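Spelled out, the chains give:
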Amino acid sequence: QQQAPANEAKIVAITVPGTPWYDSWMVMDQRLKAYAEQPIKPVFYISGQLGSEESALSQLRRGRVQLGGFSLQGASSIVPELGLLLAPYLFDTLEEVDFVMDTTISPAFSDMFASQGLILLGWAEVGWTNVYSRDPIITPADANHKKLRSSNAKSSQLLVQAIGADMVPLPFPDIMPSLQTGLIDGGESGSIFYALAGIPKEAPHLTLTRHAFDTGMFLANKAWFDALTPYQQDALRNSLPTLQELRSAVRASEAALLADPASRGVTLHQPTAAERQLWKQATAKNHQRLIDGIGGDAEKIYQLLQEGKKKFSTRD
Amino acid sequence: MLVFGLLVLVLALLLLRQPVMVILAAVLAYSYYFFSDSELRFIILDAWGALNKEVLLSIPLYLLAGNLMSAGSMAKRITDFLRELTIIVPGGLALSAVLACAVFAAMSGSSTVTLLAVGSVLYPALIAAGYPKRLSIGVLCAAGTLGIIIPPSIPLILYGVMTKASIVDLFLAGFGPAFVLTLLISIYVLLVCRHMPTGKYSIELWYTFKRSILALSAPALVLGGIYSGFFTATEAAVVAVFYTLIIQLLVYKEMKWPDVVQTTEKTCYLIGSLFPVLMLAVCLNMFLTYQQLPDQLVLWLSQYIDTRPTFLLLSNVLLLLTGSIIDIGSAILILAPLLKPIANSLDFNTIHFGIMMIVNLEIGYLTPPMGLNLIIAMSAFNESFLEVCKAAVPFILLMMLGLLIVALVPQLSLFLI
Amino acid sequence: MLTAQSFLAGLGRLERLFCLSALAVLALVLFVDVMLRTFLGNGLAWAHQTGVYANIVVSMIGIGLASAHGSHLRPRFADHWLPAGWEPLMLRLQPLVTALLFLFFFVLSLQLVLETYALAELSTVLQTPVWPVQSLLPLAFGLACIRYFLFALFPELQPANSEVG
Ligand code: NA
Ligand code: NA
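Residues numbered from 1 in each chain as written. Chains lettered and ligands numbered in written order. Predicted model: local features only at pLDDT ≥ 70, side-chain atom pairs only at ≥ 80, totals over all residues. Heavy atoms only, no water.

Notes on the interface of chain B and chain C
Taken together, the 54 residues of chain B in the interface contact 60 residues of chain C. Both faces combined, the contact of chain B with chain C buries some 5,400 Å², and carbon together with sulfur accounts for 76% of it. In terms of surface lost to chain C, no three residues of chain B exceed Arg17(B), Ile44(B) and Trp48(B), which account for 16% of the buried area on that side. Linking chain B with chain C are 5 salt bridges. For Glu87(C), the salt bridge goes to Arg17(B), with nearest N and O atoms at 2.8 Å. Remark: the boundary between chain B and chain C carries 13 residue pairs in polar contact (both at pLDDT 80 or more). (Contact = heavy atoms within 4.5 Å. Buried area = accessible area lost by both parts, 1.4 Å probe. Salt bridge = Lys/Arg side-chain N within 4 Å of Asp/Glu carboxyl O. Polar contact = N/O pair within 3.5 Å; in protein donor to acceptor, adjacent residues only side chain to side chain.)

Structural data, given as structure tokens:
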């Protein structure tokens, strides 16, 4: 049996070159190289070549790989309560997101990950989720009996149902062919991903519903991390991009996209306050449905979120 | 030394008359133990990952649909009609197999599904009509690969996402090369079959058409259903199963319930012998990915690349090598981000390079040891691996000719964009 | 030997029952999903993952069926490389080696399932524990091991070779 070098860290993620998330790993690589006697030597499997998130997470927990980047949906297969963060209109503004994430969420979830043998090294912003479609869907009424693609996330399925659309759960590669044949009329997605996957050509209407805020996270195998020297641990923690860095990268990337939608063949719809209220109303019951569907500590975490929101509104 | 040990192991298992499944499993265990820092038990984790995937779902269902059609008379009715329809052309039935693959490919994003959907009905018919075994296997395996170059195509989508190229442009770019490949295969078939007996159109054509209307509606239902957005190509398999059952049980009344059970059981034997091999092939793929073998090949080759011709030559050699040992999805995830910047720096168009890459990896479906269509054909057509490999050889050469054309004539890919 | 024979016969019947039902479940669940979506708008979000699990049942339990039926693919070009006098020995040695390899994979997969159980892994889609379905791997390998051991002990129980290679 061969032995991996002691300072090697195999890293798993599903990212695409040229996106903030892929770049964040390259930034980490550069920073680690700047240390004297490179404390950690990363080996990257970050294009999804080691399989789905469910499978990658399984390999991380078993120590086959040591470090990884995951989405909320992927990580919710071991901490189902994470699915709550995708509840519709949980957050109103980016400032609120930042405040609640920083003050309330991290400590609670750190403990939950630790009990699953993982270390939460940091959060990675993914951004607002919006609705795209072949014909404009400005209000939930426009979605009535439209066929919308849902992902495997409970929140995604609840959203599609709550606005009266027909739910078509599909794996990612089926999105484009299904838009072409009319199996689906649209779906929900972050805007960067929407543009990247070439969806605008078939479904050019993007409504900035901003109904959910998606977040990724950096996780390490706890047994491996605990066995590192303090020098290595610090080097790793300090080399990963901070949430602030990722936030600005993702938000800049999204702003660039939204500033010139026409060049990408996108017709942008910005709901008015009244229209946004309609979306909120239509999906209001989804919070309780999510809590019930997730079970476990969902109720407790939800209370925590609400306290965080309250603290935000009364902060000075 | 370790490689020598591996060869001895394989030889010993061959002498001990072990099944393919056992030989593959032993090779994997040996490789995980001696060539990798990955623990042995992760073989099973990879095997589980290979099985726990949605992409494989349509394989058992198309196998079942094909077996049901052949157990009743639907397959025979369809092929009788096709034979009458193409009777004036020598090799007409083989030609219609090629065209049927191309038509199905236009609805399906996968090559193995295309091979199975068409092959399970047409392979027995080709043999019954006196076509040489090797030609029949080769034609179906090769035309089956059209599934990923004729849009829609899962590999083209993956390439588009990985390189930020427009998926719609990639789909458009696939048509020209797909046409050339279909034409090449068709011409070859007609040349090989030029001495096969022909006939004249007769009233038989009308009779066989009348007899096969309901049977012909099966492919029409499948294709129409996918095309008008009622179901995906995966789900189409199950529609085909139920349509076949209804027609053969209730309309033709030629099948009874025990026949259905018996055919289903036969399909289970087939799945039980095919899936373990498929699963272990995916494990081997995981092993090579984990060892970063394709990445290292690129790194090693890129030091020799400085001009457009050397890039064309070396990247194609690399892709052909990679395609023969790992599966096309992994090859794209790993190689597209590595090769695209080199291609761009030498002024190759991203779309054109992508199409070239897909055509190249398409050949990997036909190249041993890990050619997926070879493995599927071996088990679905009940032929030896050696026989299937031999059958594929002329078609590999043919598709390499196609690859050469695609690589040297960018306009073939780019004229629609 | 009679006990072994009836054991294998009973095992075969069980495997057949499981495979047929699983393949039927796979077809039905996908069909119902398509029909519901076409006629009522909404499909079943869990249909595909359930289908995947049913397919795993067919594939793994099918290993046993294929063994009993002699339909595992086997390369045969080396069959005449050994002296003809070895034939009686080969009749026992061949299944014995297969049995040993399955034993090895049985142990490996049992380890994996125990670990999965300890980690309490859940299916992302169904939110159900993964280990019960994963247990099909050690089950299939274990049963195959027993079957080939019996083939080695009682060569006359081996299926007539219908396999190709
Ligand atoms: Na296709
Ligand atoms: Na291959």
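Overview of the pattern of salt bridges
On inspection of all chains with the given rule, the structure shows 30 salt bridges over all chains. One salt bridge connects Arg251(A) with Asp98(A), and the closest N-O pair in it is separated by 3.0 Å. Residue Arg251(A) is located in helix 10 (residues 243-259), and its partner Asp98(A) is located in helix 4 (residues 94-114); the two are separated by 153 residues in the primary sequence. The class of Asp98(A) is buried, set by a relative accessible area of 16%. Residues participating in the shared-partner salt-bridge network are Arg62(A), Glu39(B), Arg41(B), Glu115(C) and Glu121(C). (Helix = DSSP H or I, 4+ residues; strand = E, 2+ residues; numbered from the N terminus. Buried < 20%, exposed > 50% of the residue type's maximum accessible area, 1.4 Å probe, protein only.)

Notes on unusual backbone geometry
Despite not being glycine, Lys253(B) has its phi angle at roughly 55 degrees, a positive value. Secondary-structure assignment places Lys253(B) in the loop between helix 12 (233-251) and helix 13 (257-290). Non-glycine residue Ala120(C) carries a positive phi angle of around 50 degrees. Of note, Ala120(C) is situated in the loop between helix 3 (87-119) and helix 4 (131-134).

Let's talk about the packing of aromatic side chains
All chains considered together, the criterion is met by 28 aromatic pairs over all chains. Each ring, one from Trp25(A) and one from Phe218(A), has its centre 5.2 Å from the other, and the planes form 85 degrees; the classification is edge-to-face. Of the two residues, Trp25(A) sits in helix 1 (residues 20-34) while Phe218(A) sits in strand 8 (residues 205-221), which places them 193 residues apart along the sequence. Of the two residues, Trp25(A) and Phe218(A), neither departs from the other in class, the shared state being buried. With a centroid separation of 5.8 Å and an interplanar angle of 80 degrees, the aromatic rings of Phe105(C) and Phe141(C) are classed as edge-to-face. Of this pair, Phe105(C) sits in helix 3 while Phe141(C) sits in helix 5 (residues 136-153), and the two are 36 residues apart along the sequence. For Phe141(C), a relative accessible area of 5% gives the class buried. Put simply, the rings of Phe102(C), Phe104(C), Phe105(C), Phe141(C), Tyr148(C) and Phe151(C) touch in pairs and so form one group of aromatic residues. Of note, Arg77(B) hangs over the ring of Tyr252(B), and the distance from its end group to the ring centre comes to 3.5 Å. Directly above the ring of Phe348(B) sits Arg308(B), whose terminal nitrogen or CZ lies 4.1 Å from the centroid. (Phe/Tyr/Trp six-rings, centres within 6.5 Å; stacked < 30°, edge-to-face > 60°. Lys NZ or Arg CZ within 6 Å of the ring centre and 35° of its normal.)

Some points on the side chain of Gln233(A)
Structurally, Gln233(A) is set in helix 9 (residues 230-239). Take Gln233(A): its relative accessible area is 19%, and that puts it in the buried class.

Re the interface of chain B and chain A
Facing 37 residues of chain B, the contacting portion of chain A comprises 39 residues. Carbon and sulfur atoms supply 61% of the area buried between chain B and chain A, which totals about 3,300 Å² over both sides. Counting across the interface, chain B meets chain A through 2 salt bridges. A salt bridge links Asp37(B) to Lys10(A), with the shortest nitrogen-to-oxygen separation between them at 3.1 Å. Our enumeration of links across chain B and chain A arrives at 8 residue pairs in polar contact (both at pLDDT 80 or more). Going through the elements one at a time, helix 2 (20-34), helix 3 (42-51), helix 9 (154-163), helix 10 (167-192), helix 11 (203-227), helix 13 and helix 16 (328-345) of chain B are the ones with two or more residues in the side of chain B that touches chain A. Examining the composition of the side of chain B that touches chain A, we find that 4 residues originate from one element, helix 9 of chain B, more than from any other. Here the residues of the side of chain B that touches chain A sort into 23 nonpolar, 8 polar and 6 charged. (Nonpolar A, V, L, I, M, F, W, Y, C, P; charged D, E, K, R; others polar.)

With respect to the environment of Arg134(B)
Residues and elements named next belong to chain B. Mapped onto the elements, arginine 134 comes out in helix 8 (residues 133-144). Accessibility expressed as a relative area gives 38% for arginine 134, which makes it partly exposed. A sequence separation of 23 residues divides arginine 134 from serine 111, and the C-alpha atoms of the two residues are 19 Å apart. The residues touching arginine 134, leaving out its near neighbours within four places in the chain, are Glu387, Lys390 and Ala391.

A word on the nonpolar core
Among the nonpolar cores identified, the biggest contains 291 residues, and Leu82(A), Phe109(A), Phe113(A) and Met60(C) are the most heavily contacted of them. The dominant element in this core, judged by the number of residues it contributes, is helix 13 of chain B, at 18 residues. Excluding its chain neighbours within four sequence positions, the residues that come into contact with Met60(C) are Leu51(B), Met279(B), Leu136(C), Leu137(C), Ala140(C) and Phe141(C). (Core = buried A, V, L, I, M, F, W, Y, C linked by side-chain atoms within 4.5 Å.)

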